[in-house]
Amino acid sequence: MASKTKNNTIDAKKQLENIESQFEMFQILNEEGEVVNEAAMPELSDEQLQELMTRMVYTRILDQRSISLNRQGRLGFYAPTAGQEASQIASQFALEKEDFILPGYRDVPQIIWHGLPLTQAFLFSRGHFKGNQIPEGVNVISPQIIIGAQYVQAAGVALGMKKRGAQAVAVTYTGDGGSSQGDFYEGINFAGAYKAPAIFFVQNNRFAISTPVEKQTAAQTIAQKAVAAGIPGIQVDGMDPLAVYAVTLEARQRAVNGEGPTLIETMTYRYGPHTMAGDDPTRYRTSDLDNEWEKKDPLVRFRKFLEKKNLWTEEMENETIERAKEEIKIAIKEADDTPKQKVTDLMEIMYDEMPDNLKEQYEIYKEKESK
Amino acid sequence: MAQMTMIQAITDALRVELKNDPNVLVFGEDVGVNGGVFRATEGLQKEFGEDRVFDTPLAESGIGGLAIGLALQGYRPVPEIQFFGFVFEAMDSIAGQMARMRYRSGGRYSSPVTIRSPFGGGVHTPEMHADNLEGMVAQQPGLKVVIPSTPYDAKGLLISAIRDNDPVIFLEHMKLYRSFRQEVPEEEYTIPLGKADVKREGKDLSIITYGAMVHESLKAAEELEKEGHSVEVVDLRTVMPFDIETIIASVEKTGRAIVVQEAQKQAGMASQIVAEINDRAILSLEAPVLRVTAPDTVFSFSQAETVWLPNYKDVVETAKKVLEF
Ligand SMILES: Cc1ncc(C[n+]2csc(CCOP(=O)(O)OP(=O)(O)O)c2C)c(N)n1
Ligand SMILES: [Mg+2]
């Protein structure tokens, strides 16, 4: 029989409060586009600020077009991105070309801005292997479907960079749901143990398909999960491009200086359905919540900020929209013109050298597919 | 009797067992409010409460381990793996732990868990959703593997699976979820695990198959009938342990057989079935037993899926080789 405890060796309340109080959301631009944290303002030139806005506007159009192309049956698998532009675009904006991105299925915009041709993004959506054949010199891997797998791999990429003495970082993304996977903890722990140059993003858009983040974990923030791995973590306003940019830049700096990985939780929201394959957000989200988050929109807020500085005009906005539409049209055409994927293509990419069983089957499918 | 799709029959079976046995628990990613991504658990949380039907955090290994632990506490867990391509995340829980619980505790403990999971080609999912991995789980002693091909079978088999005292992997072919309706009794009934069903009788050739390939095989049998061949189609329903008696009886009657599976050829169920036929009925055979399978690549990226998947034409072609041997 166990005896009664005499004292509370653990002050549970205090312990958690001490941790949680360190993870207040970091912000630079508020919803009105006003700078609320002058000291933290990143040093971006006017052109860079404009470029960041251009990319966000472009990406919003890409999302709208992708959704309608999907509805017309001209694209396949697609996970909408509207609402998450600041988290996605501003984080990638702080990277260098030699940094390596390991994205999740929703993180197609980041790898496009990191160099993946739009045509390939469309081929990926259509389930054509050519979409995954990343061009030489583009430091990304195709979007991961298995939630969490990219996190452990990022630790490996980062360790490799460290061993090679590269001045580069591994950058990976998952969602609030993804932060429940064993791979999430293993990834941040390995990178921490090796002091490997990695940046781990969790885009907390409050839902994993239908499951709210409150059901995902008892932790009040996802950023605080960094503590157990012995690495720094930060929660940032994921609708604020300047805040996301600033914390990413700092994490990158620490990583290349040999100070190890950082976990960044971006507070954001996806306006659309989970994917285009039949998800109905009205089953699990209220329109009040949608409205609350749409007020925080990253494009609206950044536009206000830039307009006050006379750095953004309606003309520039329209020009960006037109350019996006035009480039999307061309890329879709290129995707249409790409030779259809064959089973024999799949056989060719299975092994370095085709084994006998496949060689035999290759002939059969070659015959079948020539008809 | 009601006309039900397979997905409705599955929901119905879950409802029956949630009502029957207070120890039955249904859980997984998005199975609660959302009713599952295919709506297999539609309305169940509302009807039985969050204590019995609940969402889990996003972690398949966690789901597997949770099921084992709940079983140790006397519950009868019916977890869902959202798509069977994600099962690799839970393989230790399933093959390493659940399958061995009875064995390693000398019979003291068990894992009466039924893992439900959608799989199967033809619906153009992204990677790692549709893979035919039944051979991988069937390779693990301690597990049973069930794959229904009709709404009627799905309900009766799922109820049996839940009542079974050992772990059962219950695989639901996505293409069959809503492809047709069938009369399904509203009351409870069971279909024993390990019993095949002759879906069509014939004299000249036996087609041994399961899952979506049952329908391709039935279509092939009709084609072959037009050319004067009488073809029998045996639906295994339980893939492991499979019904050797029914297979052998059929083969001894027809003298010719082919085995049809949607999975790749390498190290699959079909090879196991062919070996059993050869072991037990070689003297009844008029021709070698051939296989119809997908090729030995990873499940096709969706754009070539239609060619990659075996279909009734492949079945007809192979059947003719055996019939004309
Ligand atoms: C290992 C694994 N389990 C389950 C899924 C199915 N699935 C796809 S997305 C998703 C929810 C992910 O939510 P979150 O991590 O918050 O990312 P978000 O989609 O919100 O960007 C689930 C359960 C999967 N792709 N991989
Ligand atoms: Mg999410």
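Residues numbered from 1 in each chain as written. Chains lettered and ligands numbered in written order. Predicted model: local features only at pLDDT ≥ 70, side-chain atom pairs only at ≥ 80, totals over all residues. Heavy atoms only, no water.

## Let's talk about the overall build of chain A
Part 1: Each helix and strand counted, chain A has 15 helices and seven strands in total.
Part 2: Relative to its length of 371 residues, chain A is compact, with a C-alpha radius of gyration of 22 Å against a globular reference of 21 Å.
Part 3: Here chain A, with 371 residues, has 55% of them falling under the buried criterion.
Part 4: Of all intrachain contacts in chain A linking residues separated by at least 6 positions in sequence, the fraction that spans at least 24 positions is 75%.
Part 5: Carbon and sulfur atoms form 49% of the exposed surface of chain A, whose accessible area is close to 17,200 Å².
Part 6: Here chain A holds 42 positive side-chain charges and 55 negative ones, and the gap between their average locations is 4 Å. (Helix = DSSP H or I, 4+ residues; strand = E, 2+ residues; numbered from the N terminus. Rg over C-alpha atoms; globule rule 2.2 N^0.38 Å. Buried < 20%, exposed > 50% of the residue type's maximum accessible area, 1.4 Å probe, protein only. Contact = heavy atoms within 4.5 Å. Areas by Shrake-Rupley, 256 points an atom, 1.4 Å probe, with all protein chains shown as cover. Lys, Arg positive; Asp, Glu negative; His and termini not counted. Charge placed at Lys NZ, Arg CZ, Asp CG, Glu CD.)

## Things to note about the pattern of salt bridges
All names here are of chain B.
Part 1: Tallied over the entire structure, the rule returns 40 salt bridges over all chains.
Part 2: Salt-bridge contacts for Arg-116 lead to Glu-172; the nearest nitrogen and oxygen are separated by 2.6 Å. Taken together, the positions of Arg-116 in strand β5 (residues 114-119) and Glu-172 in strand β7 (residues 168-173) put the pair 56 residues apart, joining distant regions of the chain.
Part 3: Given the relative accessible area of 0%, Glu-172 is considered buried.
Part 4: As a salt-bridge pair, Glu-223 and Lys-226 come within 3.1 Å of each other at their nearest N and O atoms. (Salt bridge = Lys/Arg side-chain N within 4 Å of Asp/Glu carboxyl O.)

## Remarks on the packing of aromatic side chains
Residues and elements named next belong to chain A.
Part 1: Applying the stated criterion across every chain, the model contains 17 aromatic pairs over all chains.
Part 2: Where Phe-190 meets Tyr-194, the ring centres are 6.3 Å apart and the plane angle is 75 degrees; that geometry is what we call edge-to-face.
Part 3: Accessibility expressed as a relative area gives 42% for Tyr-194, which makes it partly exposed.
Part 4: Measuring from ring centre to ring centre gives 5.8 Å for Phe-302 and Phe-305, while their planes differ by 10 degrees; the resulting arrangement is stacked. Highlighted residues: Phe-302 and Phe-305, both in helix α12 (residues 298-308), separated by three residues, approximately one helical turn.
Part 5: Take Phe-302: its relative accessible area is 0%, and that puts it in the buried class. (Phe/Tyr/Trp six-rings, centres within 6.5 Å; stacked < 30°, edge-to-face > 60°.)

## Regarding the interface of chain B and chain A
Part 1: Every contact between the two is made by 37 residues of chain B and, on the other side, 38 residues of chain A.
Part 2: Taking both sides of the interface into account, the surface hidden between chain B and chain A amounts to around 3,100 Å²; carbon and sulfur atoms contribute 53%.
Part 3: The three residues of chain B that bury the most area against chain A are Leu-58, Phe-301 and Gln-303 of chain B, which together make up 23% of that side's buried surface.
Part 4: Taken together, the links from chain B to chain A amount to three salt bridges.
Part 5: When the shortest N-O distance is used, the salt bridge between Arg-283 of chain A and Glu-42 of chain B registers 2.4 Å.
Part 6: Summed over the shared surface of chain B and chain A, the result is 14 residue pairs in polar contact (both at pLDDT 80 or more).
Part 7: Residues of the side of chain B that touches chain A, tallied by class, amount to 15 nonpolar, eleven polar and eleven charged. (Buried area = accessible area lost by both parts, 1.4 Å probe. Polar contact = N/O pair within 3.5 Å; in protein donor to acceptor, adjacent residues only side chain to side chain. Nonpolar A, V, L, I, M, F, W, Y, C, P; charged D, E, K, R; others polar.)

## Brief notes about the confidence of the model for chain B
Detailed conclusions should not be drawn from predicted coordinates in areas where pLDDT is low.
Residues and elements named next belong to chain B.
Part 1: Looking at chain B, pLDDT values average 98 and 100% of them are 70 or higher.
Part 2: At the level of individual helices and strands, chain B shows its lowest average pLDDT in strand β1 (residues 2-4), which scores 96, and its highest in strand β11 (residues 231-235), which scores 99.
Part 3: Prediction confidence for the complex, expressed as pTM and ipTM, is 0.98 and 0.96 respectively. (pLDDT = per-residue confidence, 0-100.)

## Section: the coordination of the magnesium ion (ligand 2)
Residue and element names in this part refer to chain A.
Part 1: Coordination of the magnesium ion (ligand 2) by the protein is provided by Asp-176 (OD), Asn-205 (OD1) and Phe-207 (O), with metal-donor distances spanning 2.0 to 2.1 Å.
Part 2: By relative accessible area, Asp-176 is classed as buried at 1%.
Part 3: Under the relative-accessibility criterion, Asn-205 is labelled buried at 5%. (Donors = N, O, S within 2.8 Å, 3.2 Å for Na, K, Ca; no water.)

## Thoughts on the sheet that holds strand β9 (residues 197-200) of chain B
Residue and element names in this part refer to chain B.
Part 1: Pairing is mixed across the open sheet formed by five strands, whose spatial order is β9-β11-β10-β13-β14. Here the strands that pair on one side only, and so sit at the sheet edges, are β9 and β14 (290-294). Ignoring which end each strand starts from, the neighbouring axes of this sheet average 25 degrees apart.
Part 2: With four bridges joining them, strand β10 (residues 205-209) and strand β13 (residues 257-264) adopt parallel strand pairing. Following the sheet pairing, Ile-208 is matched in β13 by Val-259.
Part 3: Relative to the sheet, helix α10 (residues 269-281) contacts β10, β13 and β14, its axis offset from that of β13 by approximately 160 degrees. (Pairing = 2+ DSSP bridges. Axes fitted to C-alpha atoms, helices over the stretch in contact; angles between N-to-C directions.)

## Here we look at the sheet that holds strand β6 (residues 233-237) of chain A
Residues and elements named next belong to chain A.
Part 1: Pairing in this open sheet of five strands is parallel, and the strands run β1-β2-β3-β7-β6 from one edge to the other. Both outer strands of the open sheet, β1 (100-102) and β6, are each paired with one neighbouring strand and no more. Across the sheet, the mean angle from the axis of one strand to that of its neighbour is 20 degrees, orientation sign disregarded.
Part 2: Here five bridges tie β6 to strand β7 (residues 262-267), and the two strands are oriented parallel to one another. For Val-236, the partnering residue across the bridge sits in β7 and is Thr-266.

## Details of the pairing of β5 of chain B
Residue and element names in this part refer to chain B.
Part 1: Across the six residues that make up β5, a large majority, six, are buried.
Part 2: In terms of strand pairing, β5 meets β7 through six bridges, oriented parallel. From the neighbouring strand, Pro-118 faces β7, where its bridge partner is Glu-172.

## Looking at the site of ligand 1
Part 1: By nearness alone, 20 residues border ligand 1, and Tyr-105, Arg-106, Asp-176 and Gly-178 of chain A together with Glu-60 of chain B come closest of all.
Part 2: Close to ligand 1, residues of chains A and B are found.
Part 3: Between ligand 1 and the protein, one listed contact pairs an oxygen atom with a side-chain N or O atom of Arg-106 of chain A at 2.7 Å.
Part 4: Gln-82 of chain B places a side-chain nitrogen or oxygen 3.5 Å from a nitrogen atom of ligand 1. (Near = heavy atom within 4 Å.)

## A few points about the side chain of Asp-30 of chain B
Part 1: Turning to its location among the elements, Asp-30 of chain B is positioned in the loop between β2 (24-28) and α2 (44-48).
Part 2: Look at Asp-30 of chain B: it is buried, it has no salt bridge, and the nearest opposite charge is Arg-270 of chain A at 7.6 Å.
Part 3: Aside from chain neighbours lying at most four places away, what touches Asp-30 of chain B is Ala-208, Ile-209, Ser-210 and Thr-211 of chain A together with Gly-35, Gly-36, Asp-55 and Gln-82 of chain B.

## Some thoughts on unusual backbone geometry
Part 1: Cis geometry is adopted by the peptide bond preceding Pro-241 of chain B, which originates at Met-240 of chain B and carries an omega value of -5 degrees.
Part 2: The phi dihedral of Asn-310 of chain A is positive, around 55 degrees, even though this residue is not glycine.
Part 3: Looking at where Asn-310 of chain A falls in the secondary structure, it is placed in the loop between α12 and α13 (314-337).
Part 4: A residue is classified by how much of its surface remains accessible, and Asn-310 of chain A, at 69% relative accessible area, is exposed.
Part 5: One non-glycine residue, Met-128 of chain B, lies in positive phi territory at about 60 degrees.
Part 6: On the basis of relative accessible area, Met-128 of chain B is assigned to the partly exposed category, the value being 26%.

## Things to note about the environment of Ile-364 of chain A
Part 1: Position of Ile-364 of chain A among the secondary structure elements: in helix α15 (residues 356-370).
Part 2: Sequence-wise, Ile-364 of chain A and Thr-344 of chain A are 20 residues apart; in three dimensions their C-alpha atoms are separated by 9.3 Å.

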